[in-house]
Amino acid sequence: MIDVLGNSFTMIGAAVGAVLLCLIQVYQVHSYVAAVVEFSPTGVDGPVVPPLTVANNLYRYEEFVLEAKKSFADIIVFPEYGLTTTFPSNNRTMALEFGQVVPQKSDNGNPCADDNQSIEYETVRRLSCMARDNRIYLVANLIERDDKQGAGTMLYNTNVAFDSNGTVVSRYRKHNLFGEFALNTTTESDISIFEAFGARFGMVTCFDLMFQHPAVTLVRKYGITDLIFPTAWIHELPFLTGVQTQVMWAHAANVNFLAAGYNHLSAGSGGSGIYQGKLGRVKDATPWETSSFTLIGPLPANGPKRLNEKLIQRLQRREIRTSFQKNRPSAGFSERRAPFYYHEDLTNYSSIPIEMRREIMNYSLCNNNLCCDLEVSGTLTDQTVFRFFVYDGVREFGNGYYKGHKIQTCALVRCKSSDNPVQNCGLLLEDTALNVNLNHVRISGNFNVETLAGPNIVDGYFNILSGNQYIFKRELAVGNVSKVDFQLAEKIDRNILTFGVWGAVFPFIDDGTTDYLRPASWILPTAIAVSAVFIVGCLLLTVLCFTPNKYK
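Within any chain, residue numbers begin from 1 and follow the written order of that chain's sequence. In view of the model being predicted, local features appear only for residues whose pLDDT reaches at least 70, and side-chain atom pairs are presented and counted only at 80 or more, with totals across whole chains, interfaces and linings using the full set of residues. Think of the side-chain values as coming from all heavy atoms in the structure, minus any hydrogens and water.

A.B. asks: What should I look at first to understand the overall build of the protein in this one?
C.D. replies: Helix numbers and strand numbers start at the N terminus; a helix is a DSSP run of H or I with at least 4 residues, a strand a run of E with at least 2. The helix and strand tally for the protein stands at 9 helices and 25 strands. A 1.4 Å probe rolled over the protein chains alone gives each residue an accessible area, and that area as a share of the maximum for its type sets the label: buried under 20%, exposed over 50%, partly exposed in between. Relative to its full complement of 552 residues, the protein shows a buried share of 56%. Across the protein, contacts joining residues at least 24 apart in sequence account for 70% of those joining residues at least 6 apart. Of the roughly 23800 Å² that the protein leaves accessible, carbon and sulfur atoms contribute 53%. For this analysis, residues touch if any pair of their heavy atoms sits within 4.5 Å. The Shrake-Rupley method, run with a 1.4 Å probe sphere, supplies the accessible areas, and residue values consider only the shown protein chains as cover.

Written as structure tokens, this is what we have:
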């Protein structure tokens, strides 16, 4: 009897080990290598000759694809208007000349294998062949032409995703146009999803990021793990410059985020990056000179998770040997010319002046239903000052042309002087080399539970902080309120312009489907209970199966 019990316990131990091994195998982190291209297209400053402009930019795309593949990239993403420039977005005649026919995913179209030689299909065919010939997933933005019977010709700002065979696996037509008066928009937003490398990808374009549909819907309703973001973003201080917005959104939605930026400094466009949700940036860059380059980095294939350090080091060594960074910005800042940027009207924000001292100073401020607390200590080396801003209300975009939606923000913002705070805060300083020593900053506030909020940081060169330099926490909701706490993890000596929390209020989905971002206190207890039942069941089955018949 004792031997039987001993053998049973041995088998139980083996079963437990097997169960744990199975769980490890299920939840192990697979990865893929992403490449995003910051691109200044031929014709960015004019003149634009449709066939020639596209041909030149396609040739340059091929160079980037070849070199990205040498760096072992599995997917490459090009920016919005990278093939055409932005000129045709407001010129209907020119847009018609650029228009391309794009097959739908349901057509199982492989343009590279298609005999269609029409000029309206040539760009799509070339892109398909780039993907197939280099065995790489490829996402490119173009102007799509759709000749609808009885409705005339429709022109869309469209992202097309090709798999490594050159087949179209997804197509997305931009829903929220910013200007782009020569183009059409869809009645309802497209939901464009494809799966690869164990990840679930969604696609949006530029201004889409400021709205619930489709960007937030892709995450909340459809549970995408990775978001592809071709963009021709225009910088806006103090809260919405390029990479500042990208890392904030990636963190708030906790998705892997692949942003490819259109580079045109005189128009305020630039900034690309690869981000790993709440873990922060993998790679990012905001050039202050006209440039085209690739950022390459590893990402976990099933949502933001910490990758094995040896894997990261191995991929980084590969990239150092072969990374293609054509016209990469130089390391020095002194010769760079600051890019154009918009400045948000802060008139409706509540704000108070901040006294910067070595000891910690405490402040509290409210605006409508949002109240925030600030703890701060540090030293300034110039005549600039800081103010604490809080806002809970609707904001506009495009100088009031787009009404936008409700936002909530609490932020420490640097100002040129104490005079006219609304006009002097959140601007680039004349001498961006002047740093501020921040010993401690902590901002907390009770945000609406529906606010998609993330860390909002930018310095005088439009750079951001690494994820290990700050701590961002959000507590489970109590009623309609969720406390957010954001603080520096270490002392920094940087020319910080903005440090705060920014979020947009997007109503939760109430159509009976899963909301992947809804705060839910039941998730962890339920997961533990299900796991416990599973393990106990396995143990009981082991005992029943391996106990000799004479003891049954």
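Moving on from the coordinates now.
A.B. asks: What should I look at first to understand the sheet that holds strand 11 (residues 272-276) in this one?
C.D. replies: Two orientations exist for strands paired in a sheet by backbone hydrogen bonds: parallel and antiparallel. DSSP-based pairing: two strands are paired if at least 2 bridges between them are found. Reading across the sheet, the 6 strands line up as 6-7-8-10-11-12 and stay open at both edges, with mixed pairing between neighbours. A single partner strand is all that each edge strand has here, and the edge strands are strand 6 (193-196) and strand 12 (281-285). Averaged over all adjacent pairs, the angle separating strand axes in this sheet is 15°, with direction ignored. As paired elements, strand 10 (residues 256-261) and strand 11 share 4 bridges and run antiparallel to each other. What sits directly across from A259, in strand 11, is G273. To obtain an axis, a line is fitted to C-alpha atoms, over the contacting stretch when the element is a helix, and the angle between two such axes runs from 0 to 180 degrees between their N-to-C directions. Against the sheet, helix 6 (residues 242-253) engages strand 8 (226-231), strand 10, strand 11 and strand 12, with an angle of about 20° to strand 11.

A.B. asks: Explanation requested: helix 6 in the structure shown.
C.D. replies: Every α-helix winds through 3.6 residues per turn, so residues three or four apart in the chain are directed the same way. Helices are assigned an expected span. That span is 1.5 Å times one less than the residue count. Here helix 6 is 12 residues long and its end C-alpha atoms lie 17 Å apart, about the 16 Å a rise of 1.5 Å per residue gives. Of all 12 residues in helix 6, 12 are buried; the element is thus mostly enclosed. Here helix 6 has its buried residues at G242, V243, Q244, T245, Q246, V247, M248, W249, A250, H251, A252 and A253. Downstream of helix 6 by one or two residues, N254 has phi in the positive range, about 55°.

A.B. asks: Quick question: what am I supposed to make of helix 5 (residues 212-220) here?
C.D. replies: Counting buried residues along helix 5, 8 of its 9 residues qualify, which places the element largely inside the surrounding structure. Buried residues along helix 5 sit against strand 5 (168-173), strand 6, strand 7 (199-203), strand 8, helix 6 and strand 21 (451-459).

A.B. asks: Explain the state of the cysteines to me, please; I cannot follow it from the model alone.
C.D. replies: Two cysteines whose sulfur atoms are joined by a covalent bond form what is called a disulfide. Only a pair of cysteine sulfur atoms within 2.5 Å qualifies as a disulfide here. All chains considered together, the criterion is met by 4 disulfides. Two residues, C112 and C129, share a disulfide whose sulfurs are 2.1 Å apart. Where C112 bonds to C129 through sulfur, the torsion about that S-S bond is close to 105°, and the disulfide is right-handed. Separated by 17 residues along the polypeptide, C112 in the loop between helix 3 (92-98) and helix 4 (119-134) and C129 in helix 4 bring together distant segments of the chain. Each disulfide in the protein links cysteines that, numbered along the sequence, combine into the pattern 1-2, 3-4, 5-6, 7-8.

A.B. asks: Mind showing me how you'd approach the nonpolar core here?
C.D. replies: Nonpolar side chains tend toward joint burial in soluble globular proteins. Working definition of a nonpolar core: buried Ala, Val, Leu, Ile, Met, Phe, Trp, Tyr and Cys residues. They are joined through side-chain atoms within 4.5 Å. L227, W249, F257, L374, V376, F388 and V441 are the most contacted members of the largest nonpolar core, which totals 75 residues. Element by element, the count of residues in this core is highest for helix 6, at 7 residues. Filtering out sequence-adjacent residues up to four positions away, L374 remains in contact with I354, M361, N362, Y363, F388, L412, V441, R442 and I443. Within the second largest apolar cluster, 39 residues are counted, among which are A35, L58, Y81 and L83.

A.B. asks: So what exactly am I meant to see when it comes to the pattern of salt bridges here?
C.D. replies: Oppositely charged side chains can pair when the atoms bearing their charge come close. Basic side-chain nitrogens of Lys or Arg form a salt bridge, by our definition, when they fall within 4 Å of a carboxyl oxygen of Asp or Glu. As enumerated under the stated definition, the model contains 19 salt bridges in all. Here R125 and E122 are joined by a salt bridge, their closest N and O atoms 2.9 Å apart. Residue R125 and its partner E122 are both found in helix 4; the two are separated by 3 residues, about one turn of the helix. The residue R395 makes a salt bridge to E344 at a minimum N-O spacing of 3.5 Å. One end of the pair, R395, is in the loop between strand 18 (385-394) and strand 19 (406-415); the other, E344, is in the loop between strand 14 (342-343) and strand 15 (350-354), and 51 residues separate them in sequence.

A.B. asks: Could you clarify how one ought to interpret the pairing of strand 3 (residues 137-148) in this entry?
C.D. replies: On a regular strand, each side chain points to the face opposite its neighbour's, so the side chains alternate between the two faces of the sheet. Where burial is concerned, most of strand 3 is hidden: 9 out of the 12 residues are buried. As judged from the 3 bridges shared by strand 2 (residues 75-77) and strand 3, these two strands associate in the parallel manner. Bridging across to strand 3, I75 finds its partner in Y137.

A.B. asks: Mind showing me how you'd approach the environment of I464 here?
C.D. replies: If you trace the backbone, I464 turns up in the loop between strand 21 and strand 22 (470-474). I464 sits in the buried class, given a relative accessible area of 2%. The spatial distance from the C-alpha of I464 to the C-alpha of V247 is 8.3 Å, given a sequence separation of 217 residues. Among all residues touching I464, those that are not within four sequence positions of it are V243, Q244, V247, Y275, R281, D284, I457 and R494.

A.B. asks: I would appreciate a short explanation of the side chain of E344 in the present structure.
C.D. replies: Residue class for E344 comes out buried when judged on its relative accessible area of 6%. Here a polar contact is recorded for every N or O atom pair within 3.5 Å, except that within protein the pair must consist of a potential hydrogen donor and a potential acceptor, and residues adjacent in sequence are included only if both atoms are side-chain atoms. Within the structure, the side chain of E344 is placed 2.7 Å from the side chain of Y349, a separation counted as a polar contact. The residues contacting E344, other than those within four sequence positions of it, are E236, L237, P238, F239, Y349 and R395.

A.B. asks: Sorry if this is basic, but what is going on with the packing of aromatic side chains here?
C.D. replies: Ring pairs (aromatic) are described by centroid distance and by the angle formed between their planes. Each Phe, Tyr or Trp ring (for Trp, its six-membered ring) is paired with any other whose centre lies within 6.5 Å, and the angle between the two planes then decides the class: stacked below 30 degrees, edge-to-face above 60, tilted in between. For the structure shown, the criterion picks out 27 aromatic pairs. Three or more aromatic residues link up through ring pairs in this structure, and these residues are Y32, Y137, F194, F197 and F201.

A.B. asks: What is the right way to read the side chain of T231 from this model?
C.D. replies: As for its position among the elements, T231 is in strand 8. With relative accessibility at 1%, the residue T231 sits in the buried group. Looking at T231, its side chain comes within polar contact range of the main-chain nitrogen of W233, at 3.0 Å. Residues contacting T231, with those up to four places away along its chain left out, are P79, E80, C206, Q246, A260, G261 and Y262.

A.B. asks: It is not clear to me how the sheet that holds strand 2 should be interpreted in this structure. Could you clarify?
C.D. replies: Sheet architecture is open: 6 strands sit in the order 5-4-3-2-1-13, paired in mixed fashion. Every other strand in the sheet has two partners, leaving strand 5 and strand 13 (293-300) as the edge strands with one partner each. Put simply, the sheet's adjacent strands are angled 35° from each other on average, direction ignored. Alignment of strand 1 (residues 31-38) against strand 13, held across 8 bridges, turns out to be antiparallel. Looking across to strand 13, one finds that A34 is bridged to G297. The strands touched by helix 4 are strand 3 and strand 4 (152-162); relative to strand 3, the strand with the most contacts, the crossing angle is about 160°.

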